[in-house]
Amino acid sequence: MAPIGVQLHIQDTHVMIDNGILQLTLSNPDGIVTGIRYNDIYNLLEVLNEESNRGYWDLVWNSPGTAGTFDVIKGTSFNVLVENEDQVEVSFTRTWDASHEGKLVPLNIDKRFIMLRGCSGFYSYAIYEHLKDWPGFNLAETRIAFKLRKDKFHYMAMADNRQRYLPLPDDRLPGRGQALAYPEAVLLVDPVEPEFKGEVDDKYQYSCDNKDSQVHGWICTNQPAVGFWMITPSNEFRSGGPVKQNLTSHVGPTTLAVFLSSHYSGEDLVPKFSAGEAWKKVFGPVFIYLNTAMEGDDPHSLWDDAKEQMITEVQSWPYTFPASEDFPKSDQRGSVSGRLLVNDRYISDDNIPANGAYVGLAPPGNAGSWQRECKDYQFWTKTDVNGYFLINDIRTDDYNLYAYVPGFIGDYRSDLAITITPGSDIEVGDLIYEPPRNGPTLWEIGIPDRSAAEFFVPDSNPKYINKLYVNHPDRFRQYGLWERYAELYPVGDPVYTVGTSDYKKDWYFAQVTRKTDNNKYQGSTWQIKFKLDNVDQSNSYKLRVAIASATLSELQVRINDPKSNPLFSSGLFGRDNSIARHGIHGLYWLYNVDIPGKLLVQDDNTIFLTQPRSSSPFQGIMYDYIRLEGPPTSSSKKEYIEYIVIGDGIGSYL
């Protein structure tokens, strides 16, 4: 039997769209999702909430020099764009004019909702536009949010190994929950369900990289079992590239699709628009997918079905059905293909295929600028084992091609200017990345992968656990690990001996501050001890320090004398806040420090790494990788014998 056609019912204060599988109700003309009826549940959204606090688009904005304002976006005009048996698309718009200055963000906003025949869900996207003669503003965040029924949805899933039953929102309230170092983190002291007693709940424990966050949501395990899923089929409209981290689903029960945020990055990822700057962007569409299990089936199988639906949505991108001319279809886009090779003569005499590299197109800028790009579109892919890549369905515009290669430091940017036109198919051929390199590797610590995950992450304090992350690869997501540093190093700081120490055990994942007895904090100085059989005092050595994250920190480097003036100081840098938000990376930094040979000695040497800033428990540095290079030579890789392989955990002499 063919699915029934889509029907639209318009009332004075509400609009209802029905395709026989679900009914979607929106306020008119606000465009707030007030109801989702599915599988005999009359509303999946929290009926105890006000209608304006169930399903909505929101943003945080401010005029320069003023505090941020949270705004649940409410339309002032409703329009039907498509209405037939196969599809309904409706629009809720809010138009800005000078009378709104200082009261509303200076944007025209058009929120769209689409329902298709036979489709178990609905789509939503929005078009934001800033006209040239409007005042400037900053846009700190924008997203779409859904608040589900707390009496129905208790099981959250966002990855095969990141899913669990979660406590009720009531458990976070005073009396049942005890606030910890910041409001988002709560210790459950008297939860409704005793099984959660003693656990910490914090929404940041469920953050995720954009590249890994294409489906997440909730399961109602009661019969009939129902799943509610947020599917993001493309990251082209998200800021910050593939490794930008955002919130997903958390206690509420809440499900989000975050398009812009400063989380794990700070002000660098807040787009700042000046007066006289025209801008338009389409966020989405995202797909809100609903599924149900047959009686007797495992409700958790709904996660597997949601993953399959996500693959279907990704393969269908860009969608053919959105009515907006601002959303180009596939034949209005272009593609870029080629191969990325790495040239590092101290590793190989031949070019190395960039296996598993991330290659992307983003607005023109400097190498690495994509990670701070937050106004326009980005398009990314991964290379195959031979370094080949293909990026399809790129919007028309001018771009640079960027890349980074796990296993190598630094960022690549092609000198080619790439202009995408409708139907263009650009072959860029072989691209050669020459990562930063002055001389042979004398020793190295860690793995250059823009993460601190390979380093030592301690067990959490038993008073502050999240059971999901016990014996889990993401153990860094436990609350309070910054406090463990002072417990493990109550007086002195780590001393790492190259060739003997093991970075998996002896290099703490974050150089954090140490809490003292008077509830103040102090910085720390880490030492790297190493031997040199010979020193060329007439030449310079190079210290490469790749940083995975930093928060209001400073890196000072000294050689062999801890009381000398720093050979290098970064100055204050970083606002990632990854330590507090249980991340293992934020924005990537690379510092290249010249060490005059005269500062080194034959035999025993020490490098001192000091982080002196110390007004908060959350200040600190996460290192990605550290390498000392000798002076340049004319020799090739064949002159060097690698007797310890990267990844064994030992600080390697090469």
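Not measured: the values here are computed from a predicted model.

**Details of the overall build of the protein chain**
Okay, so step 1: Secondary structure summary: the protein chain contains 3 helices and 47 strands in total.
Okay, so step 2: In summary, the protein chain has a C-alpha radius of gyration of 27 Å against a globular reference of 26 Å for 654 residues, a match within 12%.
Okay, so step 3: Considering only C-alpha atoms, the protein chain reaches an extent of 85 × 60 × 55 Å along its principal axes.
Okay, so step 4: A separation threshold of at least 6 residues defines the contact pool for the protein chain, and within that pool the share at least 24 residues apart is 71%.

**Concerning the pattern of salt bridges**
Okay, so step 1: This structure, assessed with the given rule, holds 37 salt bridges.
Okay, so step 2: With a shortest N-O distance of 2.7 Å, Asp-160 and Lys-307 are connected by a salt bridge. With Asp-160 in the loop between strand S12 (155–159) and strand S13 (162–165) and Lys-307 in helix H1 (residues 301–315), this residue pair connects regions lying 147 residues apart in the sequence.
Okay, so step 3: A salt bridge links Lys-375 to Glu-277, with the nearest nitrogen and oxygen atoms 2.7 Å apart. A residue pair is termed long-range when its members are at least 10 positions apart, and Lys-375 in the loop between strand S27 (358–362) and strand S28 (379–382) and Glu-277 in the loop between strand S23 (272–273) and strand S24 (279–292) qualify at 98 residues. Glu-277 shares its class with Lys-375; the two are buried.
Okay, so step 4: The network of salt bridges with common partners includes Asp-58, Glu-141 and Arg-143.

**Considering empty space enclosed by the protein**
Okay, so step 1: Tallied over the full model, the rule gives 6 cavities of 30 Å³ or more.
Okay, so step 2: One number sums up the size of the largest cavity: a volume of about 70 Å³.
Okay, so step 3: In terms of lining, the largest cavity is formed by Gly-240, Val-243, Lys-244, Gln-245, Tyr-264, Ser-265, Gln-371, Gly-586 and Leu-587.
Okay, so step 4: Among the residues forming the lining of the largest cavity, the class breakdown is 3 nonpolar, 5 polar and 1 charged.
Okay, so step 5: Considering only enclosed or pocket space, the second largest cavity measures out at about 60 Å³ in volume.
Okay, so step 6: Taken together, Phe-476, Gln-478, Leu-481, Trp-482, Phe-509, Ser-578, Ile-579, His-582, Gly-583 and Met-622 make up the full set of residues lining the second largest cavity.
Okay, so step 7: Among the residues forming the lining of the second largest cavity, the class breakdown is 6 nonpolar, 4 polar and no charged.

**Let's talk about the nonpolar core**
Okay, so step 1: The biggest cluster of nonpolar side chains holds 166 residues, and the ones touching the most others in it are Ile-36, Tyr-128, Phe-146, Trp-507, Leu-555 and Tyr-623.
Okay, so step 2: The dominant element in this core, judged by the number of residues it contributes, is S24, at 8 residues.
Okay, so step 3: The contacts of Ile-36, once residues within four sequence positions are left out, are Leu-22, Gln-23, Leu-24, Ile-41, Tyr-42, Asn-43, Leu-44, Leu-45, Phe-122, Phe-146, Phe-228 and Leu-290.

**A few points about the packing of aromatic side chains**
Okay, so step 1: Enumeration over the complete set of coordinates arrives at 50 aromatic pairs.
Okay, so step 2: In this structure, Arg-395 is placed above the aromatic ring of Tyr-377, and the distance from its NZ or CZ to the ring centre is 4.0 Å.
Okay, so step 3: Geometry around Tyr-588 places Arg-450 over its ring, the cationic atom sitting 3.9 Å from the centre.

**Some words on the environment of Leu-81**
Okay, so step 1: With respect to the helices and strands, Leu-81 occurs in strand S7 (residues 77–83).
Okay, so step 2: Considering only alpha carbons, one finds Leu-81 and Ser-91, 10 residues apart in sequence, at a separation of 6.9 Å.

**Points about the sheet that holds strand S14 (residues 177–179)**
Okay, so step 1: If you walk across this open sheet you meet the 3 strands as S14-S15-S16, and the pairing is antiparallel. Strand pairing shows two members of the sheet lacking a second neighbour, S14 and strand S16 (200–201), which therefore form its edges.

**What to know about the side chain of Asp-58**
Okay, so step 1: Tracing the backbone shows Asp-58 in strand S5 (residues 55–62).
Okay, so step 2: With relative accessibility at 0%, the residue Asp-58 sits in the buried group.
Okay, so step 3: A polar side-chain atom of Asp-58 sits 2.9 Å from a polar atom in the side chain of Arg-143.

**Observations concerning the environment of Asn-577**
Okay, so step 1: Within the fold, Asn-577 resides in the loop between strand S43 (573–575) and strand S44 (589–596).
Okay, so step 2: According to the relative accessible area criterion, Asn-577 is partly exposed, its value standing at 22%.
Okay, so step 3: Sequence-wise, Asn-577 and His-263 are 314 residues apart; in three dimensions their C-alpha atoms are separated by 7.6 Å.
Okay, so step 4: In this structure Asn-577 touches Thr-551 and Phe-618, once residues within four positions along its chain are discounted.

**Some thoughts on H1**
Okay, so step 1: Under the 1.5 Å per step criterion, the end-to-end length of H1 is 22 Å for 15 residues, consistent within 8% with the ideal 21 Å.
Okay, so step 2: Every buried residue belonging to H1 is among Leu-302, Trp-303, Ala-306, Gln-309, Met-310 and Glu-313, and all of these are buried. Projected down its long axis, H1 shows its buried positions confined to an angular sector of 115 degrees, all on one face. Those residues of H1 that are exposed and aimed more than 90 degrees away from the buried face are Glu-308 and Gln-315.
Okay, so step 3: Against strand S10 (121–130), S12, S13, strand S18 (215–220), strand S19 (226–231) and S24 lie the buried residues of H1.

**Quick notes on the sheet that holds S13**
Okay, so step 1: Spatially, the 9 strands line up as an open sheet ordered S7-S8-S9-S10-S24-S19-S18-S12-S13, and their pairing is antiparallel. Unpaired on one side and paired on the other, S7 and S13 mark the two borders of the sheet. Shown here is a sheet whose adjacent strand axes are inclined to one another by a mean of 15 degrees, direction ignored.
Okay, so step 2: The pairing of S10 with S24 spans 9 bridges and is classified as antiparallel. Its bridge partner being in S24, Ile-127 is matched across the sheet by Val-282.

**Some words on the pairing of S19**
Two faces make up the sheet, and in a regular strand the side chains alternate between them.
Okay, so step 1: Counting buried positions along S19 gives 6 out of 6 residues, so the element sits mostly inside the fold.
Okay, so step 2: Residues Val-226, Phe-228 and Met-230 of S19 are buried on one face, and the alternating residues Gly-227, Trp-229 and Ile-231, pointing to the opposite face, are buried as well.
Okay, so step 3: Taken together, the 6 bridges between S18 and S19 define a ladder with antiparallel strand orientation. Along S19, the bridge assignment pairs His-216 with Met-230.

**Some points on the confidence of the model for the protein chain**
Okay, so step 1: Mean pLDDT for the protein chain: 95, with 97% of residues reaching 70 or above.
Okay, so step 2: In the predicted structure, residues 638–648 sits below a pLDDT of 50 and forms 20 contacts with residues beyond four places in sequence or in another chain.

**Examining the environment of Phe-389**
Okay, so step 1: With respect to the secondary-structure elements, Phe-389 resides in strand S29 (residues 388–394).
Okay, so step 2: The sequence separation of Phe-389 and Gly-360 amounts to 29 residues, and the corresponding C-alpha distance is 9.6 Å.
Okay, so step 3: Not counting chain neighbours up to four residues away, the residues in contact with Phe-389 comprise Val-336, Ser-337, Gly-338, Arg-339, Leu-340, Val-359, Thr-381, Thr-383, Leu-401, Val-428 and Leu-431.

How each quantity is defined
- Residues numbered from 1 in each chain as written.
- Predicted model: local features only at pLDDT ≥ 70, side-chain atom pairs only at ≥ 80, totals over all residues.
- Heavy atoms only, no water.
- Helix = DSSP H or I, 4+ residues; strand = E, 2+ residues; numbered from the N terminus.
- Rg over C-alpha atoms; globule rule 2.2 N^0.38 Å.
- Contact = heavy atoms within 4.5 Å.
- Salt bridge = Lys/Arg side-chain N within 4 Å of Asp/Glu carboxyl O.
- Buried < 20%, exposed > 50% of the residue type's maximum accessible area, 1.4 Å probe, protein only.
- 1 Å grid on protein atoms, 1.4 Å probe; cavity = no way out; pocket = protein on both sides within 12 Å on 5 of 7 lines; lining within 4 Å.
- Points joined across faces, edges and corners; volume = space filled by probe spheres on them.
- Nonpolar A, V, L, I, M, F, W, Y, C, P; charged D, E, K, R; others polar.
- Core = buried A, V, L, I, M, F, W, Y, C linked by side-chain atoms within 4.5 Å.
- Phe/Tyr/Trp six-rings, centres within 6.5 Å; stacked < 30°, edge-to-face > 60°.
- Lys NZ or Arg CZ within 6 Å of the ring centre and 35° of its normal.
- Pairing = 2+ DSSP bridges.
- Polar contact = N/O pair within 3.5 Å; in protein donor to acceptor, adjacent residues only side chain to side chain.
- Expected span 1.5 Å × (residues − 1).
- Arc of directions from axis to C-beta.
- Axes fitted to C-alpha atoms, helices over the stretch in contact; angles between N-to-C directions.
- pLDDT = per-residue confidence, 0-100.

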